[in-house]
Amino acid sequence: TPHMFVIDATGKVVYQGAIDSIRDANSGSIAKARNHTMEALEAVVAGLPVSEDRTRPYGCGIKY
C-alpha cells in the first residue's frame, strides 16, 4: 500500500516506490531509515535530479 510517487512541476514522475528503506512497522526503525520520498522531494525543490528514481514498495496490495 505505501507506494509513493513524486511528480515534478512539468508533470513527470521523478520517483516511485517505497516511502523509506526499512520494511517493517516498528516505530523504532524510523530514525534509522533512509526516507526515499523526502530525498526525492528535496531534490525536486532544489532543481536537482533525483538520485534514486525507483525503489520497490512494500506493504499489502489494495484489492477491489
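Residues numbered from 1 in each chain as written. Predicted model: local features only at pLDDT ≥ 70, side-chain atom pairs only at ≥ 80, totals over all residues. Heavy atoms only, no water.

A. Local environment of the pairing of strand S1 (residues 4-7). The pairing of S1 with strand S2 (residues 13-17) spans 4 bridges and is classified as antiparallel. Bridge pairing links Met4 to Gly17 in S2. Linking S1 to S2, which pair antiparallel, is a turn of 5 residues; within it Gly11 sits at a positive phi near 95°. (Pairing = 2+ DSSP bridges. Helix = DSSP H or I, 4+ residues; strand = E, 2+ residues; numbered from the N terminus.)

B. Fine view of a nonpolar patch on the surface. Taken together, the side chains of Phe5, Ile7 and Val13 define a hydrophobic patch exposed on the protein surface, amounting to about 280 Å² of accessible area. Mapped onto the fold, Ile7 is located in strand S1. (Patch = residues over 30% accessible without salt bridge, like charges linked within 9 Å, V, L, I, M, F, W, Y side chains within 5 Å. Areas by Shrake-Rupley, 256 points an atom, 1.4 Å probe, with all protein chains shown as cover. Salt bridge = Lys/Arg side-chain N within 4 Å of Asp/Glu carboxyl O.)

C. Structural context of the side chain of Thr55. Relative to the assigned elements, Thr55 resides in the segment after helix H1 (36-46). Looking at Thr55, its side chain comes within polar contact range of the side chain of Tyr15, at 2.5 Å. Here Ala18 takes part through its backbone nitrogen, which lies 2.9 Å from a polar atom of the side chain of Thr55. Ignoring anything within four residues of it in the chain, the contact list for Thr55 reads Tyr15, Gln16, Gly17, Ala18 and His36. (Polar contact = N/O pair within 3.5 Å; in protein donor to acceptor, adjacent residues only side chain to side chain. Contact = heavy atoms within 4.5 Å.)

D. Expanded view of H1. Buried within H1 we find His36, Thr37, Ala40 and Ala43. Seen end-on, H1 carries its buried residues on one side only, within an arc spanning 130°. Those residues of H1 that are exposed and angled more than 90 degrees off the buried face are Val45 and Ala46. On its buried side, H1 packs onto S1 and S2. Between the side-chain oxygen of the N-cap and the backbone nitrogen of Thr37 there are 3.2 Å, and the N-cap of H1 in question is Asn35. (Buried < 20%, exposed > 50% of the residue type's maximum accessible area, 1.4 Å probe, protein only. Arc of directions from axis to C-beta.)

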